[in-house]
Amino acid sequence: MIRDHFRVLTVDLSTGRGKIVSIDGRDRDAGGSGLAAALFNKYGHAEKPWDDPDQPLIFAIGPLTGYFPLMSKTVCAFKSPYHDQYAESHGGGRSALSLRFTDLDALVIMGKAERPCCLSVGSRHLGIKDLHFMWGMDVKASGKLLRRISSGSGHRSILRIGPAGETGSAMACINVDTYRHFGRLGGGSVMGSKNLKAIVIQGDGSCELPEGKEYPKLFQEVYRQLTDTEMMSKYHNLGTPVNVAVLNGIKALPCRNLQETSDPNIDGITGERFAADTLLRNTACSGCPVGCIHIGYVREQFMDENQYFYRQVSYDHEPIFATGSMLGVTNAFAVLGIIEEVEKVGLDVMSAGVALAWATEALEKGIISEKETIVPLKFGEAEVYEEAVRNLGFGSNDFYRLLAQGTLKAAEHYGGGEFACVLGQEMAGYATGEVFFTSQALGFRHSHLDTGGYSYDQKHEDKNVKEAVDFLVRDEQSRVFLTSMVSCLFARGVYTDELLAKCLRSVGYGTMAEDMEAVSRHIQKLRWQTRLATGFNPQQVHIPKRFTEVTTWKGQVDEGFLTSLKNEYAKRILELAKDEGKGG
Ligand code: SF4
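Colleague: Would you mind showing me how to read the sheet that holds strand β4 (residues 74–79) here?
Modeller: Adjacent strands of a sheet pair through backbone hydrogen bonds, lying either parallel or antiparallel. Spatial strand order, β2-β1-β6-β3-β4-β5: six strands in an open sheet with mixed pairing. Two strands in the sheet have a free side with no partner beyond their single neighbour: β2 (17–23) and β5 (86–91). Adjacent strand axes in the sheet meet at a mean angle of 20° when their direction is disregarded. Bridging between strand β1 (residues 6–12) and β2 involves seven bridges; their strand directions are antiparallel. When the bridges of β2 are listed, Asp 12 appears paired with Arg 17.

In structure tokens, the structure reads:
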């Protein structure tokens with residue numbers, strides 16, 4: 001529904017009550033990232049810890065959600081258990097469209113339920129169900145039960161956590177509709193701290209479309225562009241795993257805890273291999289004609305005479321790097337087996353894989369022993385990693401409980417910080433060079449998608465600090481507008497500023513369309529101000545030594561260049577947040 005304000009549902013789990021609130025600022029905060037930061041400023045507490053019951057857990061969609069293809073993501077915002085600072089995590093599935101069909105721009109959850117529960121919201125109802133019997137249940141089993149006990153199949157979105165979220169892991173994700181996640185920075189534990197096992201968004205209302213000929217004509221044009229382009233074939237065909245062989249070929253794939261940047265046995269886990277041997281089907285987030293989600297299978301023999309059952313597991317570049325090349329596992333089925341365990345315990349797969357890669361090297365070097373790791377971690381040993389994932393997810397001993405708070409926290413205690421592959425959080429699957437390392441270490445979400453630093457590295461051999469940092473600042477600003485709409489970032493090549501302005505005008509947000517540059521600058525600033533207010537200091541970011549030992553197609557990483565980039569980007573972030581009035 002088009003409106004000049006935001007329609008937000010706030011729910012207090014302590015009292016079981018909710019209320020619809022109208023919030024001004026539509027033309028200034030837009031939605032998604034902008035709305036989430038504005039809501040955190042209204043309801044959050046910079047000075048209180050992440051697990052204080054008063055802290056909000058926010059889900060926000062954008063002004064184009066439901067109106068155009070690939071406007072299919074939701075921004076989840078919270079104070080993170082990873083660093084106790086303001087954080088955003090993005091997820092898709094049916095979450096965004098379901099919120100649109102409940103006629104909400106955002107859902108804000110505060111308080112703590114007395115017992116484990118499920119929050120159910122729809123266009124005309126709000127309910128809190130006791131789910132104590134589901135506490136401790138893995139993500140798969142709880143998903144099955146939740147689907148059975150919640151009506152509205154096809155329109156509803158089910159968000160849930162696993163044991164990792166229940167035990168306060170800073171790497172716990174929120175699973176969305178089985179194959180998507182609010183993966184990074186520990187949103188799962190924020191749910192766990194509120195005794196919130198699951199959220200069901202019913203999406204049982206309707207959404208009026210703009211009248212006249214302009215909107216359907218534009219929709220068709222956008223749809224054509226999205227489905228005719230190379231983007232469509234890249235993401236639909238092999239999907240993001242197409243990157244595995246490419247990065248391996250240019251020595252930019254993190255392998256064996258980033259001791260190497262290519263693996264001679266990579267053929268076993270390339271996108272091509274996954275497609276040829278394991279692929280069952282593609283699926284998509286609601287409102288997306290691309291369908292980049294690739295579902296493979298793992299099978300298990302349950303009787304002699306070739307009797308098998310199979311389970312479906314989704315894969316992407318990042319899970320393959322984290323549980324494959326980073327752990328020295330180069331068999332596609334073995335990788336799927338590890339991913340499946342990660343899914344069940346409800347961990348963020350990138351964080352889990354990278355943390356276990358560090359633990360493996362630490363064990364090799366004798367910094368820790370099997371007393372800590374419980375199992376004999378060894379690069380390439382897939383079955384051992386499946387067991388280790390369970391230990392990490394359940395927090396089986398002091399070592400795994402500490403590792404689950406972040407690799408650097410474990411390294412502070414045991415040593416080995418110099419080979420911890422942490423860039424703000426456990427690294428993403430790109431060892432492309434100095435610009436990417438700087439971008440992830442200092443980027444707002446510590447995500448490879450905050451900016452295109454990984455692609456800048458692949459296109460530039462020069463070492464121009466100013467140009468590189470100008471790029472990071474500019475690119476972040478354009479992406480922050482997209483994540484306020486809230487678009488899937490895979491569509492960024494199609495949704496140019498010009499096209500976004502047309503889309504906004506066609507649905508009735510003409511004022512925002514006239515002022516996109518100012519809106520995106522405002523949101524960029526507001527996010528950094530919010531982050532800084534909760535304790536982030538970009539000048540104190542440390543990039544571990546391992547990143548200076550990396551050799552890519554450009555040769556060994558230049559430590560001096562890396563330090564200059566880091567210092568300059570930190571300075572620019574502080575400048576971005578500074579201004580006459582909060583939020584600009
Ligand atoms: S391209 Fe993939 S991640 Fe993006 S909206 Fe479509 S299915 Fe979801």
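Colleague: What exactly am I supposed to notice about the side chain of Thr 548 here?
Modeller: In this structure, Thr 548 sits in the loop between α23 (516–533) and β18 (551–552). One polar contact links the side chain of Thr 548 to the main-chain carbonyl oxygen of Lys 545, over a distance of 2.6 Å. Discounting residues that sit within four places of it in the chain, Thr 548 has contacts with Gln 556, Val 557, Glu 559 and Leu 562.

Colleague: Any chance you could explain a negative patch on the surface here in plain terms?
Modeller: Where like charges cluster on the molecular surface, the negative patch consists of Asp 4, Asp 24, Asp 27 and Asp 515. Within the fold, Asp 515 resides in the loop between α22 (510–514) and α23. The exposure class of Asp 515 is partly exposed, given its relative accessible area of 41%.

Colleague: Hey, could you run me through the environment of Gln 539 in this one?
Modeller: In this structure, Gln 539 sits in the loop between α23 and β18. According to the relative accessible area criterion, Gln 539 is exposed, its value standing at 55%. Separated by 24 residues in the primary sequence, Gln 539 and Thr 563 have C-alpha atoms spaced 11 Å apart. If sequence neighbours within four positions are ignored, Gln 539 has contacts with Ala 570 and Leu 574.

Colleague: Where do I start with the sheet that holds strand β14 (residues 293–303) in this structure?
Modeller: Spatial ordering of the open sheet is given by β13-β14-β15, a layout of three strands whose pairing is antiparallel. Sheet topology places β13 (279–283) and β15 (307–315) at the edges, where each strand pairs with a single neighbour. Between one strand axis and the next, the sheet turns by 30° as a mean value, whatever way the strands run. Of the pairings in the sheet, the one linking β14 to β15 comprises nine bridges and is antiparallel in character. Its bridge partner being in β15, Ile 295 is matched across the sheet by Ser 314.

Colleague: I keep staring at the nonpolar core and nothing clicks. Help me out?
Modeller: Taken as a class, soluble globular proteins show a tendency for nonpolar side chains to be buried jointly. Judged by nonpolar contacts, the single largest core of 190 residues is most densely connected at Phe 59, Phe 68, Trp 358, Met 427, Phe 437 and Tyr 495. If you tally residues by element for this core, the top one is helix α13 (residues 349–364), at eleven residues. Those residues within four positions of Met 427 in sequence are excluded, and the remaining contacts are Arg 184, Pro 254, Leu 258, Phe 321, Met 326, Met 350, Val 354, Cys 421, Val 422, Phe 437, Gln 440 and Phe 547. Counting residues in hydrophobic clusters, the runner-up holds seven residues, among them Cys 118, Leu 146, Ile 158 and Val 200.

Colleague: Got a minute to help me understand the site of the ligand in this structure?
Modeller: Neighbouring the ligand are the residues Ser 72, Lys 73, Arg 180, Ala 284, Cys 285, Cys 288, Cys 292, Ile 293, Cys 488 and Phe 490. Tallied by class, residues from the shell around the ligand come to seven nonpolar, one polar and two charged.

Colleague: How should I be thinking about the packing of aromatic side chains in this particular structure?
Modeller: The geometry of an aromatic ring pair comes down to the distance between the two centres and the angle between the two planes. One pass over the full model with this rule turns up 23 aromatic pairs. Centre to centre, the rings of Phe 68 and Phe 219 are 6.2 Å apart; their planes meet at 25°, and the pair counts as stacked. You can see Phe 68 sitting in the loop between β3 (57–60) and β4 and its partner Phe 219 sitting in helix α7 (residues 214–228), a full 151 residues away along the chain. The buried category is assigned to Phe 68, whose relative accessible area is 3%. A relative accessible area of 28% places Phe 219 in the partly exposed class.

Colleague: Would you take a moment to explain helix α17 (residues 407–414) for this structure?
Modeller: Because the α-helix completes a turn every 3.6 residues, residues three or four places apart line up on one side. Inspection of α17 places Thr 407, Ala 410 and Ala 411 among the buried residues, and these make up the whole buried set. One side of α17 carries all its buried residues, which in axial view fall inside an arc of 100°. Opposite its buried face, α17 presents the exposed residues Glu 412 and His 413, each directed more than 90 degrees away. Trailing α17 by a residue or two, Gly 415 shows a phi angle of about 100°, which is positive.

Colleague: Please explain a nonpolar patch on the surface as it appears in this structure.
Modeller: Taken together, the side chains of Phe 302, Met 303 and Phe 309 define a hydrophobic patch exposed on the protein surface, amounting to about 290 Å² of accessible area. One can find Met 303 in strand β14.

So, how was this worked out
- Residues numbered from 1 in each chain as written.
- Predicted model: local features only at pLDDT ≥ 70, side-chain atom pairs only at ≥ 80, totals over all residues.
- Heavy atoms only, no water.
- Pairing = 2+ DSSP bridges.
- Helix = DSSP H or I, 4+ residues; strand = E, 2+ residues; numbered from the N terminus.
- Axes fitted to C-alpha atoms, helices over the stretch in contact; angles between N-to-C directions.
- Polar contact = N/O pair within 3.5 Å; in protein donor to acceptor, adjacent residues only side chain to side chain.
- Contact = heavy atoms within 4.5 Å.
- Patch = residues over 30% accessible without salt bridge, like charges linked within 9 Å, V, L, I, M, F, W, Y side chains within 5 Å.
- Areas by Shrake-Rupley, 256 points an atom, 1.4 Å probe, with all protein chains shown as cover.
- Salt bridge = Lys/Arg side-chain N within 4 Å of Asp/Glu carboxyl O.
- Lys, Arg positive; Asp, Glu negative; His and termini not counted.
- Charge placed at Lys NZ, Arg CZ, Asp CG, Glu CD.
- Buried < 20%, exposed > 50% of the residue type's maximum accessible area, 1.4 Å probe, protein only.
- Core = buried A, V, L, I, M, F, W, Y, C linked by side-chain atoms within 4.5 Å.
- Near = heavy atom within 4 Å.
- Nonpolar A, V, L, I, M, F, W, Y, C, P; charged D, E, K, R; others polar.
- Phe/Tyr/Trp six-rings, centres within 6.5 Å; stacked < 30°, edge-to-face > 60°.
- Arc of directions from axis to C-beta.

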